[in-house]
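In case you want the letters, here they are:
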Protein chains: 2
Amino acid sequence: MKMPAKTPAPPYYAVIFTSIRTKEDAAGYDATAGKLAELAASMPGFLGAESVRDADGFGLTVSYWDSEEAIGNWKRNAQHQDAWPMREQWYDRYELRVCRVERASRFPDIMP
Amino acid sequence: MKMPAKTPAPPYYAVIFTSIRTKEDAAGYDATAGKLAELAASMPGFLGAESVRDADGFGLTVSYWDSEEAIGNWKRNAQHQDAWPMREQWYDRYELRVCRVERASRFPDIMP
């Protein structure tokens, strides 16, 4: 069962990745996405991630990081960069937004 | 077809709402969610929204706003607040994060 990421008290950083998948290369995409998710989780400064995609291919993935430096390290990671040439085959389009999380609240109101 | 929100050049603000629906009151929830989405879109400072939920009830909704003041106005909106007493019936849990979007990029690399 997916759960909200257990992030610390703000401030921290979020990368919002909004994407529309093509219908191409489902097996290759899934394999790489799985590997990259594992790799991201092993990177310094990784705090968690949340991801969901609907049947039409519209997806939202939010990853959380403790600093902009950690996000930069992930962006420059060699295996992550290997996926870059595939973007035209895998995505109709995407938008990537880097944010500073200023405050957070939750229900039930228990600390993570 | 859902598309990434057409947001302006940063900075602007994002509210990341990560939630797990109960299985209760699907009709009531859907009706209220639809009304609140329309109402949010009519609020000053609203820039767009992206939302997706999987079959297990795990959902991500990100709304974009031009200022923290606009987010505060939306939070205090009376109709929005009417939904507050329903949260225990509708959600197993949720996490709400308010962020400042610092930078953005996209593919294909055309301005929105």
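Our structure is the block above this text.
Attention in this report is confined to the structure presented alongside it. Bear in mind that the values here come from a model prediction, so they are computed numbers and not experimental data. (Residues numbered from 1 in each chain as written. Chains lettered and ligands numbered in written order. Predicted model: local features only at pLDDT ≥ 70, side-chain atom pairs only at ≥ 80, totals over all residues. Heavy atoms only, no water.)

Looking now at the sheet that holds strand β1 (residues 12-21) of chain B. Taken together, the eight strands give an open sheet; going across it, the order is β2(A)-β3(A)-β1(A)-β4(A)-β4(B)-β1(B)-β3(B)-β2(B), and neighbouring strands pair in antiparallel fashion. Of all strands in the sheet, those with a lone pairing partner are β2 (46-53) of chain A together with β2 (46-53) of chain B, marking the two edges. Recorded for the sheet is a direction-independent mean angle of 25° between the axes of neighbouring strands. (Pairing = 2+ DSSP bridges. Helix = DSSP H or I, 4+ residues; strand = E, 2+ residues; numbered from the N terminus. Axes fitted to C-alpha atoms, helices over the stretch in contact; angles between N-to-C directions.)

As enumerated under the stated definition, the model contains ten salt bridges over all chains in all. Between B:Lys2 and A:Asp54 there is a salt bridge, with the nearest N and O atoms lying 3.7 Å from each other. Within this pair, whereas B:Lys2 is found in the segment before β1, its partner A:Asp54 is found in the loop between β2 and β3 (58-65), the two belonging to separate chains. On the basis of relative accessibility, which here comes to 18%, the residue A:Asp54 falls in the buried class. (Salt bridge = Lys/Arg side-chain N within 4 Å of Asp/Glu carboxyl O. Buried < 20%, exposed > 50% of the residue type's maximum accessible area, 1.4 Å probe, protein only.)

Our focus in this paragraph is the interface of chain B and chain A. Each partner contributes to the interface: chain B provides 43 residues, whereas chain A provides 43 residues. Of the roughly 4100 Å² buried between chain B and chain A, counting both surfaces, carbon and sulfur atoms make up 62%. At the boundary of chain B with chain A, the tally comes to eight salt bridges. Between B:Arg103 and A:Glu68 there is a salt bridge whose closest N-O contact spans 2.8 Å. In this structure, the connection of chain B to chain A is made through 25 residue pairs in polar contact (both at pLDDT 80 or more). Counting only elements with at least two residues in the side of chain B that touches chain A, the list comes to β1, β2, β3 (58-65), α2 (68-76), α4 (87-90) and β4 (91-107) of chain B. No other element matches the 17 residues that β4(B) contributes to the side of chain B that touches chain A. A per-class count over the side of chain B that touches chain A returns 23 nonpolar, four polar and 16 charged. Looking at chain direction, strand β4 (residues 91-107) of chain A and β4(B) are connected through 13 bridges and run antiparallel. (Contact = heavy atoms within 4.5 Å. Buried area = accessible area lost by both parts, 1.4 Å probe. Polar contact = N/O pair within 3.5 Å; in protein donor to acceptor, adjacent residues only side chain to side chain. Nonpolar A, V, L, I, M, F, W, Y, C, P; charged D, E, K, R; others polar.)

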